[in-house]
Amino acid sequence: MLAISTSWMSGGCDDGEGLLRRLERFGIRAVELDYRITAAMHRQAKGLLGGAGFRVVSVHNFFPVPPIVPRSVAGGDVFSLSSPDREERMRAVEWTMRTIEAANDLEAGAVVLHCGRLDEFPGLDGLREFRDKGMIECEEARELARGLRGERDAKKRKSMDCLLSSLDRLVRTADRMNVTLGLENRRLFHELPGADDFEAVFREFDGAPLGLWFNAGGAKVNELLGLFDVEGLLKTFSSKLIGAHLHDARKGEDHLPPGTGAVDFAMIRSHLPDGAPRVLELAPGASDGEVSESIAYLHEVGMDA
């Protein structure tokens, strides 16, 4: 099913009912509720959710905005599930559990997670230069990419162990609440999990309510840097795909309207399981015209089938 994330307008709206009323003009009745929605907005919107109203297909952690977080900085990374600092990690687990409970209450099938990050890698600047010169396929760029992947592997162990510890707590709550956790592949190379990390996570939690939430624009940004193959990721984890965020990408920029960048949406469609939510996720501030054009384009490539 084709759905739309509230991400493109929630930051500039304080009225939960008004937020959903604005979505009605686009003819889509399935929605992902994003991490900029406050508890007050959630209460205001409840009358339009479920029944003959909007179906909530997914909720993006952390939802609603935790009262200890200023709305101006609300996001999927305000707490880190992979932080080596136990107190920080436990805060992330606590508020993720509240998101899972909210998803259960809304009868949403999935909660989308960001899982933390490592320190940044300065060597990426070199890869970006190769990309911008159209030389990302040269041997020097490939060697740099191999070195960066090796450096990342050496740095990630502690953070990945912490992430597994957090997920061990969360999958039990998710199972009890009949919610699946969607681990999102990320745009930035230092974010977790990376393309090489999913196999270990899914092996550790085989049979648990845990899957891959595919981030189309973020995946393409990494492919344009020569860091991994988008179709390879989809093929490898086809049995774990539970949903997708659909947006386009150019160079290091994502959350663009589909059809305006380098993402191959027809290829992505061929790998998505039937019934998995396809969620249009545009950058905050996108115009109504861009939303309408994006929906038309996704219909054209069969994303609503």
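J.: So, the overall build of the protein chain: which residues are in play, and what are the values?
T.: Within the protein chain, the secondary structure is distributed over eleven helices and ten strands. Taken over C-alpha atoms, the radius of gyration comes to 19 Å for the protein chain, in line with the 19 Å a tight globule of 305 residues would show. Taking the principal axes of the C-alpha coordinates as reference, the protein chain spans close to 55 × 45 × 35 Å. Every one of the 305 residues in the protein chain was classed for burial, and the buried ones make up 55%. When contacts within the protein chain are restricted to residue pairs at least 6 apart in sequence, those whose partners lie at least 24 apart make up 77%. Per element, the accessible surface of the protein chain, about 13000 Å² overall, is 46% carbon and sulfur.

J.: Give a detailed account of the sheet that holds strand S5 (residues 180-184), specifying residues and quantitative values.
T.: Ordered by their spatial adjacency, eight strands build a closed barrel running S1-S2-S3-S4-S5-S6-S7-S10, and the pairing between neighbours is parallel. For this sheet, the mean angle separating the axes of adjacent strands, direction not counted, is 30 degrees. Strand direction decides the pairing type here: strand S4 (residues 110-113) and S5, joined by four bridges, are parallel. Bridge pairing links Val112 to Gly182 in S5. Its contacts with the sheet place helix H8 (residues 216-224) against strand S6 (210-215) and strand S7 (241-246), and it is angled at close to 70 degrees to S6.

J.: Describe the pairing of strand S2 (residues 30-33), with residues and values.
T.: Going residue by residue along S2, you find Ala30 and Glu32 tucked away on one face and Val31 and Leu33 tucked away on the opposite face as well. Between the parallel elements strand S1 (residues 2-5) and S2, the chain passes through helix H1 (residues 16-23) in a crossover that is right-handed.

What counts and how
- Residues numbered from 1 in each chain as written.
- Predicted model: local features only at pLDDT ≥ 70, side-chain atom pairs only at ≥ 80, totals over all residues.
- Heavy atoms only, no water.
- Helix = DSSP H or I, 4+ residues; strand = E, 2+ residues; numbered from the N terminus.
- Rg over C-alpha atoms; globule rule 2.2 N^0.38 Å.
- Buried < 20%, exposed > 50% of the residue type's maximum accessible area, 1.4 Å probe, protein only.
- Contact = heavy atoms within 4.5 Å.
- Areas by Shrake-Rupley, 256 points an atom, 1.4 Å probe, with all protein chains shown as cover.
- Pairing = 2+ DSSP bridges.
- Axes fitted to C-alpha atoms, helices over the stretch in contact; angles between N-to-C directions.
- Right-handed = clockwise from strand over helix to strand, strands pointing away.

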